[in-house]
Amino acid sequence: MHDYRLCDLSAFVVAGSAVLAACASAEHAAAAPDEPSVAQPSQPVTSKGKHSPAPGKHAAPLAAPKGTMNLEQARRYVLALVNRDRADNGLAAVAFDDVASRAGQRHADDMARGGYTAHWGSDGSVPEERYSDAGGTDFVQENAGCLADGQTRELDASPRFSAQMLERVERAFMDEKPPRDGHRRNILKPGHTALGIGVAKPKGVDLACLSQEFVDDYGDYAALPKSASAGSVVHIEGDVKGRVVFGGVGIGRIDPAKPLSAEHLNTTYVYAVPSPQDLYFPKGFVTKKPVEVSGKHFRIDVPLGKAGQPGRYEVSIWGKFPGAGEQLDMISLRVVNAR
């Protein structure tokens, strides 16, 4: 019998606090004078605005499909399972996201081939990087579950999935208990708007490897280069949507990607969304350079670190939601590879 392993996605608090795992208690960093407070993006936004759950709403019982499902049918069933669990907790449904599904499928296939479960890929990629590579522009948070035996396998080229396979993973996520309940909290984050799904099956193994890519879509953003020179200036521009107010732009950095072994990947558990090293706010706040803001529109030109510091630079956009005071939440996270 093959057993399952699950991986939490963690988050961070800006303004100099320590990185926190998803299973840790939420703590907010103290903001500097005239500086917005920045929340852990993995935590639900508990406001009276559009992100609050509607109490007392429950989903109708979900009928399991008869027989086995192909990949597209399996994705839709996973979406139905997630939306059932969200409805049972008074939350709005999420829509299916094709772009995030491409990122999720890349990761599910990689985990199934390599016999590992992690948020890093065997090529060293991380969730927001895979999402950016697929063409995503919003903020993504990942749940992942697969094998952890380190055995290399071929993928089933024409996989068939039973309802029980997929229910097993979703049930494992939802049965988590605090403080190690990062998957459950991710599924039940009120601010999620869409979901990408990757499902893979290794040959000879009767289980599904699953990657859930939850998307928060609150803006439209101008394209960023996929690669650039370290220290070069990039133009960041866009419009926030709906009742969200623009909050700021962040630039962070992680080391260049390098291949990782299944043995190493299976020792990882949480992935901390990198904290921005530089934050840029509108006029009126303490900031290195003010972001130009006109209504919902914003723009700024900023450097990607310094020359001679190659790596993966993470460009984040932050927004303020109704009822959250001055608290900012990440609404976009994209990766630019700098040489």
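These remarks concern the structure in this document. (Residues numbered from 1 in each chain as written. Predicted model: local features only at pLDDT ≥ 70, side-chain atom pairs only at ≥ 80, totals over all residues. Heavy atoms only, no water.)

Concerning the overall build of the protein
The test is simple: Numbering of helices and strands starts at the N terminus; helices are DSSP runs of H or I of at least 4 residues and strands are runs of E of at least 2. We call two residues in contact when some of their heavy atoms are within 4.5 Å. Here the open area of atoms and residues is found with the Shrake-Rupley method and a 1.4 Å probe, where only the protein chains shown may cover a residue.
Within the protein one finds six helices and 15 strands. When contacts within the protein are restricted to residue pairs at least 6 apart in sequence, long-range pairs at least 24 apart make up 75% of them. For the protein, the exposed surface amounts to about 14,100 Å²; the carbon and sulfur share of it is 53%.

Quick notes on the packing of helix H1 (residues 71-88) against helix H4 (residues 163-174)
The following threshold applies: Helix axes are fitted to C-alpha atoms over the stretch in contact, other axes to C-alpha atoms as well, and angles between N-to-C directions run from 0 to 180 degrees. Each crossing gets its hand from how the near helix is turned against the far one by less than a right angle, where anticlockwise is left-handed and clockwise is right-handed. Ten residues, namely Ala, Val, Leu, Ile, Met, Phe, Trp, Tyr, Cys and Pro, are considered nonpolar, four, namely Asp, Glu, Lys and Arg, are considered charged, and the remaining ones, Gly among them, are considered polar.
Closest axis-to-axis distance for the H1/H4 pair is 10 Å, and the angle between their directions is 35°. Like other packed secondary-structure pairs, H1 and H4 cross with a definite hand, here right-handed. Contacts from Ala74, Tyr77, Val78, Leu81, Val82, Arg84 and Asp85 of H1 reach H4 at Ala163, Leu166, Glu167, Glu170 and Met174. Among the residues forming the contact of H1 with H4, the class breakdown is eight nonpolar, no polar and four charged.

Some words on the side chain of His107
Note the following rule: What qualifies as a polar contact is a pair of N or O atoms within 3.5 Å, subject to a donor-acceptor requirement within protein and to the restriction that residues adjacent in sequence count only when both atoms come from side chains.
When you line up the elements, His107 lands in helix H2 (residues 98-114). In this structure the side chain of His107 is engaged in a polar contact, spanning 2.6 Å, whose partner is the backbone oxygen of Ala118. If we skip the residues at most four places from it in the chain, His107 touches Tyr116, Ala118, His119, Trp120, Gly121, Arg130, Glu142 and Ser211.

Focus: the state of the cysteines
In plain terms, the rule: Two cysteine sulfurs form a disulfide in these notes if their separation is within 2.5 Å. For the exposure calls, accessible area comes from a 1.4 Å probe over protein chains only, and a residue counts as buried if that area is under 20% of its type's maximum, exposed if over 50%, partly exposed in between.
Following the criterion strictly, the structure yields one disulfide and no others. Between the sulfur of Cys146 and that of Cys209 lies a disulfide, 1.9 Å long from S to S. Note on the Cys146 and Cys209 pair: the S-S dihedral is about 55°, so by sign convention the disulfide is right-handed. Residue Cys146 is located in strand S3 (residues 139-146), and its partner Cys209 is located in strand S5 (residues 209-216); the two are separated by 63 residues in the primary sequence. You can call Cys209 buried: its relative accessible area is 0%.

As for H1
Threshold: Expected span of a helix, by definition, is 1.5 Å for each gap between consecutive residues, and there is one gap fewer than residues.
The terminal C-alpha atoms of H1, which comprises 18 residues, lie 26 Å apart, in line with the 26 Å expected from a rise of 1.5 Å per residue. Every buried residue of H1 is accounted for by Ala74, Arg75, Tyr77, Val78, Leu79, Leu81, Val82, Asn83, Asp85, Arg86 and Ala87.

Digging into the environment of Ile254
Mapped onto the secondary structure, Ile254 falls in strand S9 (residues 245-254). Residues Ile254 and Tyr313, spaced 59 residues apart in sequence, show a C-alpha to C-alpha distance of 6.5 Å. Filtering out sequence-adjacent residues up to four positions away, Ile254 remains in contact with Val126, Pro274, Gly311, Arg312 and Glu314.

Side note on the packing of aromatic side chains
Definition in use: Aromatic pairs are defined between Phe, Tyr and Trp rings, using the six-membered ring for Trp, whenever the two ring centres lie within 6.5 Å; interplanar angles under 30 degrees are classed as stacked, those over 60 as edge-to-face, and all others as tilted.
Scanning all chains against the criterion turns up five aromatic pairs. Aromatic side chains Phe246 and Phe298 sit 4.5 Å apart centroid to centroid with 15° between the ring planes, which places their arrangement in the stacked category. With Phe246 in strand S9 and Phe298 in strand S13 (residues 297-303), the pair connects residues that are 52 residues apart, well separated along the chain. We classify Phe246 as buried; its relative accessible area is 6%. Considering the side-chain rings of Phe281 and Phe285, the 6.3 Å spacing of their centres and the 55° angle between planes classify their relative orientation as tilted. Its relative accessible area of 28% is what places Phe285 among the partly exposed residues. Chaining the aromatic ring pairs together yields one cluster made of Tyr221, Phe246 and Phe298.

Structural notes on the side chain of His192
In this fold, His192 is placed in the loop between helix H5 (182-187) and strand S4 (194-200). Excluding residues within four positions of it along the chain, His192 makes contact with Arg86, Val94, Gln141, Asn186, Phe214, Val215 and Asp216.

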